[in-house]
Amino acid sequence: MLKAGERAPEFTLPDETATDRSLTELLRTGAIVLYFYPADFTPGCTRQACVLRDLHAEIERAGLRVVGISPQDPESHAKFRAKYNLPFVLLSDQQKAVTKMYGVNGPLGIGVRRASFLIDSSRRIRDVVLADFMIGRHADFVRKAILLRTANPQ
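Here's what I pulled together on the structure shown here. Computed from a prediction, not measured in an experiment: that's the story for all the values here.

1. What about helix H4 (residues 74-83)?
Alright, step 1. Inspection of H4 places Pro74, Ser76, His77 and Phe80 among the buried residues, and these make up the whole buried set. Burial along H4 is one-sided: seen end-on, the buried residues are contained in an arc of 155°. Exposed residues on H4 whose side chains face more than 90 degrees from its buried face are Glu75, Ala82 and Lys83.
Alright, step 2. Contact partners of the buried residues in H4: strand E1 (12-14), helix H2 (43-54), strand E4 (65-70) and strand E5 (89-92).
Alright, step 3. Where H4 begins, one side-chain oxygen reaches toward the backbone nitrogen of Glu75, 3.2 Å away; that side chain belongs to Asp73.
Alright, step 4. One or two positions beyond H4, positive phi appears at Asn85, with a value near 55°.

So this is what it looks like as structure tokens:
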């Protein structure tokens with residue numbers, strides 16, 4: 001798994017509207033919280049997405065944006081986003097190429113680990129959390145990112 005201080009690998013994936021989005025494009029307006037999750041509509045992933053949704057106003061005030069990545073297709077992401085009123089981009093990594101680049105593929109290459117990366121506008125990873133079944137650690141990670149960003153905007 002990539003670590004804080006490393007440069008985030010560039011990628012291009014389709015979003016929930018099937019529009020290709022690159023990391024460089026996503027970072028044009030500033031830092032992002034890039035989070036990987038196993039699957040749309042599963043209990044843990046739904047809880048994680050809804051926590052991020054509920055923190056979204058604070059995230060935006062800190063000048064951050066959220067981007068989610070999982071292996072489901074854009075249509076699944078569009079339904080997931082609509083059902084739970086998610087105000088952030090969801091990217092489709094059906095071949096798990098980006099999941100592998102970031103080192104968050106599951107054991108024996110099966111599944112996706114639940115991980116989040118704080119990436120600044122220069123593609124530098126500022127912080128990372130891996131918390132497969134501990135959804136609360138992701139909320140804590142995002143709150144910490146908000147505090148870091150508020151104290152040190154870049």
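2. Section: the pairing of strand E6 (residues 115-119)
Alright, step 1. Counting buried residues along E6, five of its five residues qualify, which places the element largely inside the surrounding structure.
Alright, step 2. In E6, alternate side chains face the same way, and those of Ala115, Phe117 and Ile119 on one face and Ser116 and Leu118 on the other are all buried.
Alright, step 3. Two elements, E6 and strand E7 (residues 125-130), share five bridges in a ladder whose sense is antiparallel. Each bridged residue has a counterpart across the sheet, and for Ile119 the counterpart in E7 is Ile125.
Alright, step 4. From the end of E6 to the start of E7, which pair antiparallel, there are five residues, and Arg123 there has a positive phi angle of about 70°.

So, how was this worked out
Residues numbered from 1 in each chain as written. Predicted model: local features only at pLDDT ≥ 70, side-chain atom pairs only at ≥ 80, totals over all residues. Heavy atoms only, no water. Buried < 20%, exposed > 50% of the residue type's maximum accessible area, 1.4 Å probe, protein only. Helix = DSSP H or I, 4+ residues; strand = E, 2+ residues; numbered from the N terminus. Arc of directions from axis to C-beta. Contact = heavy atoms within 4.5 Å. Polar contact = N/O pair within 3.5 Å; in protein donor to acceptor, adjacent residues only side chain to side chain. Pairing = 2+ DSSP bridges.

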